[in-house]
Amino acid sequence: MTSTTTGLPDRYRPLDQVGPDEPTATGVIRSWRAKDRVLNRDVAVRVHTPAGPAAHAWISRALTAGGLATPALAMVYDASEGTGDPETPGGAAYVVNEWIDGQTLAERLAEGPMPEREVRVILRRLAEGVAEAHRVGLAVGGLSPENVVLRPNGLVGLRAVPAATGTIDGDIAALGALLEVALTGLDPADAEPRPLSGPSDLVALVRRTRSTEPGQGLSSVAAMAALLAERPRSGAGARTGASSGATPSRSEDSDSGWLRRLRDRRTEAPAEAGEAAEATDTAQAAEADPVLLDPHTLPPVPPVRPLTQGAAPLSSAALGGDTIDAGMVAPSGGAYAGHGAGPAATHSWERNDDDEFGVLEHRPLPGYDDGYDDLPPEDEEDGARRHRLVVFGLPLLALAVVIALAWWIGDALLSVSGSVDDDVQGSTPSASAPADGSTGAVPAGTPATIASAEVFDPQGDGDPDHPEDVPLAFDGDPATAWSTYEYRGSPAFGNLKDGLGLLLDLGGSQSVSGVSVTSTRPGASVEIRVGEEAGSDLDSFTPAADGTVEGTTEFSFDEPATAGYVLVWITGLVPSEGGFSADIAEIEVQTAG
């Protein structure tokens, strides 16, 4: 159906007008909230009267705004300049935008002024979106509390923008007015003077957006967004100064004063650290004077107690903790050279200067038996041979055991499976058909009388698909048919719902054995469901059969079903000229024979 009010295509059904009419130099723009019948969602439709070339510039601005990657500006779904005839579908010039749901700023301000933090977040996000439009040379316009929408997810959006006309300076001034009304809750249209209160930086920002003096106003909306993004200056000092009534000097509030104080603190910190380090060094020097060590001085060696010739060795207790037995040392010279009294050392280590690597050579000392030097060469070779046998033989033995076990298990399994096949060959009926040769389908009786039928669309939007054509599905003429709407994007009803169908009233409960469905568009997926009563949801009906409609298809039930209502539920569509759809030319319900 075409709306004669807007001249829109029948895909869009206007629900209510949003906002007042917007007069332009080329006509009038009206905004509507509408329903997209194909995608089953709300959209915003703006209609320009008259249509045709007069709306070309406005549509170009709208397409530019919709292509920007910012949540503040609504996406564009569809647009057309129209034919100029409001009585025909698509005769109007229109732009279809994303519908931004949420509370408008005007509705929020009706509750009173907003907190400072909320004001900063909302105006910053709004300014960032407008700055993105200015980056491509597009002035937004229409920045009013009625068009600013606070989305449920915390983001901010704009309806009915871009306006037909606008300027960048006008956007800056409009954002300043929005900041003022958000702080005070007063209408910017009120007569001057209006009391302006709030944080000092936000009040100064409002005044800069109003200023027309050179060098005093804001240069861009991006600068405004950057100022709103800065963390507000606060602290104990600022609060104390404010409470005491003291007014800080201009140099203290400027950036240069802040940097100077920071440099002073950095200069004082190293001085304090140096004084602390000097005090620590002085205290340590007082406790113990440093000792300068000669790098050529060797560490002290424990004293050696000499033994006379033939004397017995002393115990470690008699020698003392810091004394070693001279008999345990092999002196190379001096007063004790050649005196080997006492037990001999176990090993001596000498450097082998002939070795090119300079490694230490191991030599057993006289009188010491390490248990290995006396082994004959034959025993050493036998030990090495046994070691190699263990290292290489054990893995080979394990591998042979694994192979033997695998061969034995495989042979046993093959023998068992062969004997089972021989025992049961020909003794079991085929799984594809019952053992008695019957097909399992319920014998069909006479066709049941269909008293009435209607479109069953529990997930629809209240606009059923061609309800006036439902009687054509059981009028006995396969040349006439009922069909669904055309859905775009997916054969699963455009991913909008699980399906829809026709609900047949049999005039009373009776035993049903199957349903015959005829379609002029083969390939649709169908479920047959039955129920005693006409329920309002799909679960009220019990599935009885399913399949794909190919011309005329018989859906036979496994068991007779007692039903007063039969639902032919379509779950998958087939491609059509404008998307995906399905039709039903004839339905015949078979009673149980």
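Below, the structure is looked at part by part.

How each quantity is defined
Every chain is numbered on its own, with residues counted from 1 as its sequence reads. This being a predicted model, a pLDDT of at least 70 is required before a residue's local features are given, and a value of 80 or more before pairs of side-chain atoms are given or counted; all residues contribute to the totals for chains, interfaces and linings. Note that water and hydrogens are dropped before the side-chain values are worked out from all heavy atoms of the structure. By this definition, two strands are paired if DSSP reports at least two bridges between them. Numbered from the N terminus, helices here are DSSP runs of H or I no shorter than four residues, and strands are runs of E no shorter than two. Working rule for contacts: check all heavy atoms of both residues, and any pair within 4.5 Å makes them a contact. All axes are obtained by fitting lines to C-alpha atoms, using only the stretch in contact for helices, and the reported angles, taken between N-to-C directions, cover 0 to 180 degrees. Each helix crossing is assigned a hand: it is left-handed if the near helix lies turned anticlockwise from the far helix by less than a right angle, otherwise right-handed if that turn is clockwise. Note that Gly is not counted as nonpolar here; it falls among the polar residues with everything else outside the nonpolar set of Ala, Val, Leu, Ile, Met, Phe, Trp, Tyr, Cys and Pro and the charged set of Asp, Glu, Lys and Arg. Definition used for salt bridges: Asp or Glu carboxyl oxygen within 4 Å of a side-chain nitrogen of Lys or Arg. Buried residues are those whose accessible area, probed at 1.4 Å on protein chains only, stays under 20% of the maximum for their type, while exposed residues exceed 50% and partly exposed ones sit between those limits. Residues enter patches when they are more than 30% accessible in relative terms and free of salt bridges; like-charged ones are connected within 9 Å and nonpolar ones (Val, Leu, Ile, Met, Phe, Trp, Tyr) within 5 Å. Computed with a 1.4 Å probe, the accessible areas rest on the Shrake-Rupley method; for each residue, only the protein chains presented here act as cover.

**Some remarks on the sheet that holds strand 9 (residues 156-158)**
Turning to step 1, where the next piece is worked out: The three strands lie next to each other as 7-8-9, forming an open sheet whose pairing is antiparallel. The open sheet has two edge strands with one neighbour each: strand 7 (103-104) and strand 9.
Turning to step 2, where the next piece is worked out: Sheet topology places strand 7 next to strand 8 (residues 148-150); two bridges connect them, and they run antiparallel. In the sheet register, Thr104 faces strand 8, and the bridge partner there is Val149.
Turning to step 3, where the next piece is worked out: Running over the sheet, helix 3 (residues 116-135) touches strand 8 and strand 9 and is turned about 50° from strand 9.

**Brief notes about the packing of helix 4 (residues 168-184) against helix 5 (residues 200-210)**
Turning to step 1, where the next piece is worked out: Where helix 4 meets helix 5, the closest approach of the two axes is 8 Å, and the angle between their N-to-C directions is 145°. Crossing handedness for the pair helix 4 and helix 5: left-handed. Within the contact between the two elements, helix 4 uses Ile172, Ala173, Gly176, Leu179, Glu180 and Leu183 and helix 5 uses Leu202, Leu205, Val206, Thr209 and Arg210.
Turning to step 2, where the next piece is worked out: Among the residues forming the contact of helix 4 with helix 5, the class breakdown is seven nonpolar, two polar and two charged.

**Section: the pattern of salt bridges**
Turning to step 1, where the next piece is worked out: Within the structure shown, the criterion is met by 17 salt bridges.
Turning to step 2, where the next piece is worked out: Between Glu128 and Arg124 there is a salt bridge; the shortest N-O distance is 3.2 Å. Here Glu128 pairs with Arg124, and both are found in helix 3, just four residues apart, close to one helical turn.
Turning to step 3, where the next piece is worked out: The class for Arg124 is partly exposed, based on a relative accessible area of 21%.
Turning to step 4, where the next piece is worked out: For the salt bridge of Glu132 with Arg135, the shortest nitrogen-to-oxygen distance reads 2.7 Å. Remark: Arg135 and Glu132 occur in helix 3; sequence separation between them is three residues, near one turn of the helix.
Turning to step 5, where the next piece is worked out: The structure contains a network of salt bridges with shared partners spanning Asp16, Arg33, Lys35 and Asp42.

**Notes on a nonpolar patch on the surface**
Turning to step 1, where the next piece is worked out: On the surface, a nonpolar cluster with roughly 1,000 Å² of combined accessible area is contributed by Val390, Leu394, Leu397, Val401, Leu405, Trp407, Trp408, Ile409 and Leu413.
Turning to step 2, where the next piece is worked out: Trp407 gets classed as exposed once you look at its relative accessible area, which sits at 63%.

**What about the pairing of strand 20 (residues 552-572)?**
Consecutive side chains of a regular strand alternate in pointing toward one face of the sheet and then the other.
Turning to step 1, where the next piece is worked out: Here strand 17 (residues 500-518) runs beside strand 20; their pairing, made up of 14 bridges, is antiparallel. Counterpart to Gly501 in the pairing with strand 20 is Trp569.
Turning to step 2, where the next piece is worked out: Strand direction decides the pairing type here: strand 18 (residues 525-531) and strand 20, joined by seven bridges, are antiparallel. By the bridge assignment for strand 20, Ser525 is matched with Gly572.

All we've got here are geometric facts, nothing functional implied.
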